[in-house]
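Spelled out, the chains give:
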Amino acid sequence: MLHSLHCRGGMVTAPHHLAAQAGAAVLRDGGNAVEAMVAAAATIAVVYPHMNGIGGDGFWLIHEPGMAAPVAVRACGSAAQAADAAFYRAHGDAAIPTRGPRAALTVAGAVGGWAEALAVARPWGKPLPLPHLLADAIRHAREGVPVTGSQVGLTQAKWGELAGVPGFAEAFAAQGVPRVGDTLRQPRIAATLDRLAHAGLDDFYRGDLAQSMARDLQAVGSPLALADLQGWRAQPVAPLSVRLSAGRVFNQPPPTQGVSSLAILGLFDRLGVSQAEGFAHVHGVVEATKRAFAWRNRYVGDPATMQADPAAFLQPGALDAEAAHIDAQRAAPWPVPTAPGDTVWLGAADAHGRVVSYIQSVYWEFGSGVVLPESGVQWQNRGASFTLDAGPNQLVPGRLPFHTLNPALALLDDGRVLAYGTMGGEGQPQTQAAFFTRHVLFGQDMQAAITAPRWLLGRTWGDQSTNLKLESRFDPALVEALRSAGHDVQVVGAFEDMMGHAGAVAVHPDGRIEGATDPRADGICAGV
């Protein structure tokens, strides 16, 4: 029987077991939920490099008992001052490249986000030292870890795009595409993390490490310069929220798609669906997704330049009006292509009831593919989401790119604090909705709700499809009902990576901690 796990001393859930264990070890040593998350985040950057890294971005939601809303930390990097349309057209680019040095055009914000989150947690008591938090990540980078099946599969699938990118093959495929179980050692990343542990996280942006990375970025042809790193800092921001029948749910504001994750739940909550797994459930969430994504695609970008207020879109009247356009029986047209992305979501809770929802990413699998020769840092390609043409996500120096990343956290009316999320680019809001509706609205066990078959409207890795994909474990009668309603349905495998690597952790009113992890990944829930 599928069931979630429970404990009282703290829990970390992550899509790789070594990351969850690193976080749990920090909790056992007296650390808090944020410190556990930094340990897990550093470790998963080492052991799951196809999905994330310290050369990527991150977003936090941090909740402490008694708070009316979580603290949100935005740790996404801005575009280089040298990155503009003229720069790319001078290199013959009709669009921003998705791989290689010119795809590495935004500052990597993850490490700065760790620092800002630790600052949020500083009033909670004497902090554990950075060398303690980063010890497991350093050890795994130095001694090596077995390569996972998902890393092998994505290396094979993207070899043609990545093999010639500076530094990629040397770092991840020195003997050719690795096999499952081969040992991946990353001595340069071990040294870089060790430097951060002893020099401080700010060294990534304003110290010797920053100078090293800037030299290497410039040498390979990236528009990023030392001044871009020095001028950037993670920011605390006000989270967005929506009121549902079961409680209030929070997510990140733009430039993320958090508004769409919240809107999907707000719209579905208005449809009057009474049970999970039937046509009304799946069709309802899919149609709510279309409405939410249409608004997102029209407006979401750097919040400093947006022409619409995401908080206003989440107000009851606005959601009522949007929900009125959803046909309970027929599928609305959906021709909008989408883009790929790779990410990790991690959750943590400690014995004091503090809860963290965190997401970290290099955007596409292996990001830009660029691995810097001195530091070993793999740089993201998040800036590839910019456009060179006018629009809400037009490339401008210093601008924040649109982000698929959006960790979620709910304060439920029954007293639970629930953190949940997933990797999966466009699939993130959809997987969040599948989990939340099943677990919170319809009462399924947390683990059962994560394991249950999922759907994805839109993209898969490596293409720009717009159809509705369903895992093969769905009832064939439901599949046919969706087809009859006008959905362009494609049945895929039973447990597909494209459906995301989800997880959840909750603190109950009695102090009990509950967690679940995704069988589609390599993770566990590690309890204390």
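Residues numbered from 1 in each chain as written. Predicted model: local features only at pLDDT ≥ 70, side-chain atom pairs only at ≥ 80, totals over all residues. Heavy atoms only, no water.

Enquirer: Any chance you could explain the overall build of the chain here in plain terms?
Expert: Assigned secondary structure in the chain consists of 18 helices and 19 strands. Its C-alpha radius of gyration of 21 Å places the chain within 12% of the 24 Å reference for a compact globule of 528 residues. For the chain, with 528 residues in total, the buried portion stands at 63%. Restricting to contacts in the chain with at least 6 residues of sequence separation, those with at least 24 account for 72%. For the chain, the accessible surface area stands at approximately 17,300 Å², while carbon and sulfur atoms represent 52% of it. Measuring between centres, the 38 positive side-chain charges of the chain sit 1 Å from its 46 negative side-chain charges. (Helix = DSSP H or I, 4+ residues; strand = E, 2+ residues; numbered from the N terminus. Rg over C-alpha atoms; globule rule 2.2 N^0.38 Å. Buried < 20%, exposed > 50% of the residue type's maximum accessible area, 1.4 Å probe, protein only. Contact = heavy atoms within 4.5 Å. Areas by Shrake-Rupley, 256 points an atom, 1.4 Å probe, with all protein chains shown as cover. Lys, Arg positive; Asp, Glu negative; His and termini not counted. Charge placed at Lys NZ, Arg CZ, Asp CG, Glu CD.)

Enquirer: How should the pattern of salt bridges be read in this particular structure?
Expert: When the charged atoms of two side chains with opposite charge come close together, those side chains can pair. Scanning the model with the defined rule gives 26 salt bridges in all. Asp320 is paired through a salt bridge with Arg270; the nearest N and O atoms lie 2.6 Å apart. Within this pair, whereas Asp320 is found in helix 15 (residues 316-323), its partner Arg270 is found in the loop between helix 12 (258-268) and helix 13 (279-299), the two being separated by 50 residues in sequence. Connected via shared salt-bridge partners are Arg454, Glu471, Arg473, Asp518 and Arg520. (Salt bridge = Lys/Arg side-chain N within 4 Å of Asp/Glu carboxyl O.)

Enquirer: Looking at this model, I keep getting lost on the nonpolar core. Mind explaining?
Expert: As a rule of thumb, nonpolar side chains are buried together in soluble globular proteins. Among the nonpolar cores identified, the biggest contains 97 residues, and Trp60, Trp114, Phe204 and Trp379 are the most heavily contacted of them. Looking at this core, the element that brings in the most residues is helix 2 (residues 33-47), giving 13 residues. Among the nonpolar cores identified, the runner-up in size contains 56 residues, and Leu314, Phe442, Leu468 and Ala506 belong to it. (Core = buried A, V, L, I, M, F, W, Y, C linked by side-chain atoms within 4.5 Å.)

Enquirer: Please explain the sheet that holds strand 14 (residues 455-457) as it appears in this structure.
Expert: The pairing of strands in a sheet comes from backbone hydrogen bonds and takes either a parallel or an antiparallel form. Here we have 3 strands laid out as an open sheet, ordered 14-15-16, and mixed in their pairing. Unpaired on one side and paired on the other, strand 14 and strand 16 (489-492) mark the two borders of the sheet. The mean angle between the axes of side-by-side strands here comes to 20°, regardless of whether they run parallel or antiparallel. Here strand 15 (residues 468-471) runs beside strand 16; their pairing, made up of 4 bridges, is parallel. Bridged to Lys469 within strand 16 is Gln490. Packing of helix 13 onto the sheet brings it into contact with strand 14 and strand 15, and relative to strand 14 it is tilted by some 30°. (Pairing = 2+ DSSP bridges. Axes fitted to C-alpha atoms, helices over the stretch in contact; angles between N-to-C directions.)

Enquirer: How should I be thinking about the environment of Ile96 in this particular structure?
Expert: Along the chain, the position of Ile96 falls in the loop between helix 3 (85-90) and helix 4 (110-121). Once the C-alpha coordinates of Ile96 and Leu395 are considered, the two residues, 299 residues apart in sequence, prove to be 9.2 Å apart. Among all residues touching Ile96, those that are not within four sequence positions of it are Tyr88, Arg102, Leu105, Gly383, Ala384, Phe386, Leu388 and Leu395.

Enquirer: Honestly, the side chain of Gln252 in this entry has me stumped. Any pointers?
Expert: Summarising the element assignment, Gln252 is placed in the loop between strand 9 (247-251) and helix 12. The buried category is assigned to Gln252, whose relative accessible area is 0%. At 3.1 Å, the side chain of Gln252 and the backbone oxygen of Val73 are in polar contact. The residues contacting Gln252, other than those within four sequence positions of it, are Phe59, Trp60, Leu61, Ala72, Val73, Arg74, Val237, Leu240, Gly258, Val259 and Pro407. (Polar contact = N/O pair within 3.5 Å; in protein donor to acceptor, adjacent residues only side chain to side chain.)

Scope: geometric values only; no functional claims are made or implied.
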